[in-house]
Amino acid sequence: MIEVGRICVKIAGRDAGRKCVVVDILDDNFVLIDGSTRRRKCNFRHLEPTAEVIKIKKGASHEEVAKEFEKLGLPVWNTKPKPSSERPRKQRGKRKKAGQEGSGKDEKKKGKKEPAVKAEASKDSGKEEKAESQSQPPEQEGQSSEEQQDGSPQ
Amino acid sequence: MTSEKSRSKRIVARKTPGGRVSVRRVARKPEAAKCAECGKPLKGVPRELPSKMRNLPKTAKRPERPFGGYLCSSCMRKLMVKKARE
Ligand SMILES: [Zn+2]
C-alpha cells in the first residue's frame with residue numbers, strides 16, 4: 001500500500017490532517033514524506049494512505065513535489081523559515097546609551113552585527129538611513145544579503 | 001479575608017526553618033483536563049490555577065497538534081483516519 005508517489009494523510013502530530021506524498025522508503029518502518037507537511041522522515045503508521053498515486057521519482061526534490069502538488073491544487077509547505085524581523089525593543093530617552101550597550105552585549109553572544117545597525121535605523125525611523133545602513137557593512141556579504149531579503153517583502 | 005478554617009483550601013503540613021511543623025492552607029487545584037471523546041485525562045495540559053495558567057506561554061498549555069488540549073492523541077488519530085477515508 002505504501003509506495004513512492006502514494007498520496008497519504010498524516011494522522012499524528014503537528015501536521016496531522018495534512019496531505020503528503022511518499023518520496024522515499026527508508027526502511028521497514030520509515031518513509032520520507034513531502035508536500036503539505038514538512039519534508040521529513042515519518043513512520044508509516046502515522047500515515048493513512050489514500051487511493052491517489054502521482055508519478056514522481058524516488059527521492060524527488062521539494063521543487064518537483066511542489067510542482068505536482070500545484071497541479072493537484074494542494075497547498076505546499078515550504079520548509080524555509082520566514083525572514084526574521086527585528087524584535088521591537090523599548091527605547092527610553094534617558095537610558096538610550098545603556099540600551100545600546102545592552103544590545104552590543106547581545107551581539108557578542110549571538111555573533112551578529114546587523115541587529116544593532118537595524119535598531120539604530122529604526123530609532124531614527126528613516127528609510128533612507130536604513131538603505132545607508134545596508135550599504136555600510138560591505139565586509140559581511142552573506143549577512144548583508146540576508147538583510148536585503150528581509151527588507152524586500154516589507 | 002476568608003476564614004482560615006475555610007474548606008475551599010487544602011491543608012498542607014510544612015516544616016519551618018526552625019524545625020517546627022506548621023499548617024498551611026493552600027488553594028485547591030482545578031480538576032485535570034479531560035478528553036472530550038473518551039474522558040481520559042489529557043497529557044501535556046498542566047493542572048494549575050487559572051492565575052498561573054494565564055502567565056504560561058501558549059505552547060506550554062496544550063500539545064502542538066490539531067485538537068491539542070481538547071482530544072487525546074488516540075481520539076484525534078481516529079478522527080483524522082475517519083476524515084481521510086471519507
Ligand atoms: Zn480520547
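Residues numbered from 1 in each chain as written. Chains lettered and ligands numbered in written order. Predicted model: local features only at pLDDT ≥ 70, side-chain atom pairs only at ≥ 80, totals over all residues. Heavy atoms only, no water.

(A) Structural detail: the overall build of chain A. Check the secondary structure of chain A and you find five helices and five strands. Starting at the N terminus and ending at the C terminus, chain A contains elements arranged as β-β-β-β-β-α-α-α-α-α. Across chain A, every contact between residues at least 6 apart in sequence was considered, and the portion connecting residues at least 24 apart equals 50%. Just so you have it, chain A exposes about 10,800 Å², and 47% of that area is on carbon and sulfur atoms. (Helix = DSSP H or I, 4+ residues; strand = E, 2+ residues; numbered from the N terminus. Contact = heavy atoms within 4.5 Å. Areas by Shrake-Rupley, 256 points an atom, 1.4 Å probe, with all protein chains shown as cover.)

(B) Inspection of the overall build of chain B at higher detail. The helix and strand tally for chain B stands at two helices and two strands. In sequence order, the secondary structure elements of chain B are arranged as β-β-α-α. Here chain B holds 86 residues, and 17% of them are scored as buried. Pairs at least 24 residues apart make up 18% of the contacts formed inside chain B by residues separated by at least 6 positions. Within the structure as shown, chain B displays about 7,100 Å² of accessible surface, and the carbon and sulfur contribution to it stands at 52%. (Buried < 20%, exposed > 50% of the residue type's maximum accessible area, 1.4 Å probe, protein only.)

(C) Seen up close, the sheet that holds strand 1 (residues 6–10) of chain A. Residue and element names in this part refer to chain A. Spatially, 4-3-2-1-5 is the arrangement adopted by the five strands of the open sheet, whose pairing is antiparallel. The sheet is open, and its two edges are formed by strand 4 (40–43) and strand 5 (47–53), each paired on a single side. Here the average twist between neighbouring strands, direction ignored, is 45°. (Pairing = 2+ DSSP bridges. Axes fitted to C-alpha atoms, helices over the stretch in contact; angles between N-to-C directions.)

(D) Quick peek at the coordination of the zinc ion. Residues and elements named next belong to chain B. In the first shell of the zinc ion, the protein supplies Cys 35 (SG), Cys 38 (SG), Cys 72 (SG) and Cys 75 (SG), at 2.2 to 2.3 Å from the metal. Within one chain, the residues serving as donors to the zinc ion are arranged as C-x2-C-x33-C-x2-C. Residue Cys 35 is found in the loop between strand 2 (21–27) and helix 1 (50–54), and its partner Cys 72 is found in the loop between helix 1 and helix 2 (73–85); the two are separated by 37 residues along the sequence. As far as burial versus exposure is concerned, Cys 35 and Cys 72 are alike and both buried. (Donors = N, O, S within 2.8 Å, 3.2 Å for Na, K, Ca; no water.)

(E) Spotlight on the interface of chain B and chain A. Listed per partner, the contact involves nine residues of chain B and nine residues of chain A. When residues of chain B are sorted by the area they lose upon contact with chain A, Arg 77, Met 80 and Ala 84 of chain B head the list and together hold 51% of the total. The interface formed by chain B and chain A includes one salt bridge. Between Glu 48 of chain A and Arg 85 of chain B there is a salt bridge, with its nearest N and O atoms 2.8 Å apart. Partitioned by chemical class, the residues of the side of chain B that touches chain A number five nonpolar, no polar and four charged. (Buried area = accessible area lost by both parts, 1.4 Å probe. Salt bridge = Lys/Arg side-chain N within 4 Å of Asp/Glu carboxyl O. Nonpolar A, V, L, I, M, F, W, Y, C, P; charged D, E, K, R; others polar.)

(F) Expanded view of the nonpolar core. In this structure, Ile 11 and Ala 16 of chain A together with Cys 35, Leu 42, Val 45, Leu 71, Cys 72, Cys 75, Met 76, Met 80 and Val 81 of chain B together form the largest nonpolar core, which totals eleven residues. When neighbours within four sequence positions are excluded, Met 76 of chain B is seen to be in contact with Ile 11, Ala 12, Gly 13 and Ala 16 of chain A together with Arg 65, Pro 66, Phe 67 and Leu 71 of chain B. With nine residues, the next largest nonpolar core counts Val 21, Ile 56, Ala 60 and Phe 69 of chain A among its residues. (Core = buried A, V, L, I, M, F, W, Y, C linked by side-chain atoms within 4.5 Å.)

(G) Layout of the environment of Asn 29 of chain A. Residue and element names in this part refer to chain A. By the element assignment, Asn 29 lies in the loop between strand 2 (19–25) and strand 3 (30–35). When the C-alpha atoms of Asn 29 and Arg 45 are compared, they prove to be 7.8 Å apart, with 16 residues separating the residues in sequence. The residues touching Asn 29, leaving out its near neighbours within four places in the chain, are Cys 42, Asn 43 and Phe 44.

(H) Summary view of unusual backbone geometry. The residue Phe 67 of chain B is not glycine, and still its phi comes out positive at about 65°. With respect to the helices and strands, Phe 67 of chain B occurs in the loop between helix 1 and helix 2.

(I) Looking closely at the pattern of salt bridges. Residues and elements named next belong to chain A. Here the structure, examined in full by the defined rule, presents ten salt bridges over all chains. A salt bridge links Arg 18 to Asp 15; its shortest N-O distance comes to 4.0 Å. On the basis of relative accessibility, which here comes to 1%, the residue Asp 15 falls in the buried class. What emerges from the salt-bridge pattern is a single network uniting Asp 15, Arg 18 and Arg 38.

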